[in-house]
Each structure stands twice: as C-alpha cells, then as structure tokens.
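Below are the chains, spelled out letter by letter.
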Amino acid sequence: MSDRATEARYHSVQRLMVPALAAVGLTDKELRMKRPATLAVLGVIACSCLAARGGVKVPAIFGDHMVVQRGMNVPIWGTADAGETVTVNAAGQERSAVADDQGKWRITLDAIETSKPIEITIAGKNSITIQDVLVGEVWVCSGQSNMGFPLRNASNGADAIKAADHPKMRLFTVGRAIKDQPQDDLTGRWEVCSPETVADFSAVAYFFGLELHEKLNHPVGLIEPTWGGTRAEAWMPRPTFDALKLPYEPEWTEQWLNPPHKPGATKQEPPRPHEAPACLYNGMIAPIAGYAIRGVIWYQGETNTRYGEHYRDVLGALITSWRDAWGQGDFPFLVVQLANLKNSRFWPITREAQAQVARELPNVGLAVTIDAGDSNDIHPKDKQTVAHRLALVARKLAYGMDIPHSGPVFKSMRVKGGDAVIRFEHVEGGLVARGDELQGFELAGADGKFVPARARINGETIVVTADGVSAPKIVRYGWANDPTCTLYNKAGLPAVPFEARVE
C-alpha cells in the first residue's frame, strides 16, 4: 500500500477514534508510530466505540472532581438507548432507571453524608466512573461582567491566586452558549481549586466560596455561568419572558438585532445576539437546572438600567422561574445591589427594584455595595467586599447563623415639626456615621422638590431636616448614581439606599 493510501486510511480511522482516545488511554502520537500494523485493530475499536455512542451518557456537569450538595437528595440524569436499564452506584447506594422513548433517564440518590471522596458509577451497556467526588456546599454564581470579572484582575488578585491551594474547593466554568431552545448539556468541567486553575474564575464567586469553605469547614463547589453585557431577560425561560409582556421589548429587540450607528464611530456596532430573550437560559442554565444546589448568587442589572422601572418584575420573575426549574423550593437567592458609578443612566431605580425583590420574595437576600464601587469604572476591582457581604447573607439565610448580615434598612418615617424622624431595621448595636457627619439624605415637601438635608443620629433613629422644607413628605438616602453615603450600623454594614414617604 502506498504511503498516501496508508495516510488516508489512518486519517479515516483517526477521525472515528478521536472521541475514544482518552477512554482507551492512547494518544494520537502513539497511533501514528504504529499505524501500519494496527489499522485493522483500530478499525475494530473504532466501530465498537461508534456502537457504544448510543450507550449511557451524562451531561458535563457530572464529572470528575464534582461536588454534590450535602444534606439533600442528589438527582443524576443522562441518556442511553431507549429501554436500556441504567444503574447508578454511589456511597453504598444503588438505584436503577429505564431510559424512556427519548433515551432519557433520571435517578435520585438519598442524601450522601461523608467527608471522604467517593466514586459514582453509572452503568448500562457501557460504564462511566466519576472519580474524586466530594459532598459539600454547591452554589451557582451567575450574572453579567461583574460576576464574571476574573480573579486575576481583582485588586488583590495576584496574592489570592498564589494562596489558592484549596483542594476541597471545586470550580466549574460554564461555556458560553446562545441557544433558541433549552439544551440538555453544556461545555465545561470541574477543576480542583489551585493557583493554576483559579486565575480566570469569577473573583466574587471565589472569595464568596472561600469564606464559606473556611467558616463551614465543608467542601464547596462553585458553578459559574456568566456573560458580560447581558440583560436579565436573556437568563430566563422563554415562557417566563413572554408572560411579562414588557412594553419596551420591541424597541430593545430592534436595538440588539440592528444596533444604531453611533455618530463619529468608525464602524457599525455588531448585533448582540446574547441579549435575545431566553438565549442564555437555554444554553447555560437549563442544562444544570435540577443539579442539587444550596443557592444562587446573582450580580446583574447594569444592562437593565435603561428600563429600571421594570426590573422589579423582571428580577422577580427570573428568580421564581429558576426555583421552578430546579424544583427545590425557595432556595436562597442572593442579589448584589448595583454599586456607585458616575453614569448617564439613572441607577437608583434599579437599586430600589433589587431591594424590593429582596423584601417581597421569600429567602432572597441583598448585598449592598453602594460604597464598594469605583466612580469612574463600571467594573470595580474590589470584589472581596462584595463577596464578604454575600457570604454574610448566605450564612444567615442558607445556614441559619445568628450574625449581622445587613446594614440599616428603612422601617418607618414620621414628621415632628419640620423634622423627619426615621427608624430602621438591622441597627445591629447602633447607628453610626462613617466620617465627620451623616451625608446622603434629601428631603422634599408636597411639591416634590428635593433639597440636600442635614441628618443626625438620635438613639436608633435618624432626624433629618432641610432649609425650605417645613413639612417633609418624602425622604431619600443614597438616591443618586454615585452618592456619598455615610450611614452604617456598628457591624460595619452600609445602609440600604431608599426613597420613602411620610406615613
């Protein structure tokens, strides 16, 4: 046989063998060294591998180094030949299921309680062994660019990377995917947290997970589906989006399909298909929905500030839809409130929407970052403060720890003469001003015209007064894109920005 013919036959077999190389422990280099003598054998192996392709498979979220949620039933699912019996063994448990007409199967293990790594074996016509599985706390860490902001770019990222030798922390970065319909699988793999694997992982997620790992003394698994510049509508199921009937949608759809040419720009802006309704939910959330988790941390909203008055409905619907998709009830959903930033859009409306959702929906927490931003950068580098405040909320909501987890939250206002007297929840030992005086308050009378106000602490209340406002009707705090806010509690947590009317 000529060299050219041998080469052609080799490549034909090699194309069939690519999916099976890792499984049989052979490399492409080894194949090339022995190809004339082994083509027949490889052909048999390739045909066998092709025949097995219809056998048992599991989505990428089930893989070596994964973390399964402790204290909960553990669902596992995948595909096989229709009618094939699939048996799962893990930590002394054995469960079987029969693949349906579509080749789909699903089993649920009882809660696994062990501090040692385990193996999970999934067997049908073929067998899959998932190794080095830990039982611990699993969190989904999702949103747009501030959640996706990598550890290597954080203000203390270099030192954090050097110290990131945490073998009981595991990281899963979801590959970006835009899809028209919900998918069964995604790209990505579990990695053991180390200086070599953590640099491009979400800084907020990493610092959040590290604090939980240290405080709880349990393994932690972090799943990161993020995409910068994306709106919440892209992260929700299509039926949820359709039910909202958002009035701005036709305009927005036109903008992301046919972006306007900006004056002075050298080229047309490209379309933004990643803003399409449901497209990221379909490709990056649907494939993991149902994987047992403790909760979600969510840092998103900057892109939705264009229509902030609708964000309360949008965020509330997203949270409810994810909880429905997971089928775990009202798991903790922790929202990062937008940080301070000099900006052309008016962000307080979106911040208030985030706070409203946290007040109105069960088990939703709010991490305030009005003091942790960068006035001139939409991507502040201080991600450790954000993560710490999220971890405080998680320790309270998800783990029931009796710790301060929130700054002062507006409770009520009454008028006494020309003063507005404001009471707060979450005083946590007392109200304090960070700096020489309280700043960030405004008052308005019946005319609705706000003026800067003076404020002082009086026990557990704040007394606010302003020149020209003899009968206060509305009070604001931190109601600006980049406000100076100095009200904290003694736990060191900042007050939640608010606007309120007299009772």
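The structure reproduced in this document is the subject of the present report. None of the values given here were measured: they were computed from a predicted structure. (Residues numbered from 1 in each chain as written. Predicted model: local features only at pLDDT ≥ 70, side-chain atom pairs only at ≥ 80, totals over all residues. Heavy atoms only, no water.)

1. Some remarks on unusual backbone geometry
Moving on, step 1. Positive phi, close to 55°, is recorded for Asp 132, a residue that is not glycine.
Moving on, step 2. Structurally, Asp 132 is set in strand β7 (residues 127-143).
Moving on, step 3. Its identity as a non-glycine residue notwithstanding, Glu 428 has a phi of 50°, on the positive side.
Moving on, step 4. Structurally, Glu 428 is set in the loop between β15 (419-425) and β16 (431-433). (Helix = DSSP H or I, 4+ residues; strand = E, 2+ residues; numbered from the N terminus.)

2. Re the side chain of Glu 352
Moving on, step 1. The topology assignment puts Glu 352 in helix α12 (residues 348-360).
Moving on, step 2. What makes Glu 352 buried here is its relative accessible area of 15%.
Moving on, step 3. Excluding residues within four positions of it along the chain, Glu 352 makes contact with Gln 337, Arg 359, Trp 479, Pro 497 and Phe 498. (Buried < 20%, exposed > 50% of the residue type's maximum accessible area, 1.4 Å probe, protein only. Contact = heavy atoms within 4.5 Å.)

3. Focus on the pairing of strand β8 (residues 166-173)
Moving residue by residue along a regular strand, the side chains alternate between the two faces of the sheet.
Moving on, step 1. Relative to strand β9 (residues 190-193), β8 is paired through four bridges, and the arrangement is antiparallel. Among the inter-strand pairings, Leu 171 is bridged to a residue of β9, identified as Glu 191.
Moving on, step 2. Relative to strand β10 (residues 220-224), β8 runs parallel, the two being bridged by five bridges. From the neighbouring strand, Thr 173 faces β10, where its bridge partner is Glu 224. (Pairing = 2+ DSSP bridges.)

4. Focus: the side chain of Arg 294
Moving on, step 1. Turning to its location among the elements, Arg 294 is positioned in the loop between α10 (279-285) and β11 (295-299).
Moving on, step 2. On the basis of relative accessibility, which here comes to 16%, the residue Arg 294 falls in the buried class.
Moving on, step 3. Not counting chain neighbours up to four residues away, the residues in contact with Arg 294 comprise Gln 69, Arg 70, Met 72, Glu 137, Val 138, Trp 139, Phe 331, Pro 332, Ala 398 and Tyr 399.

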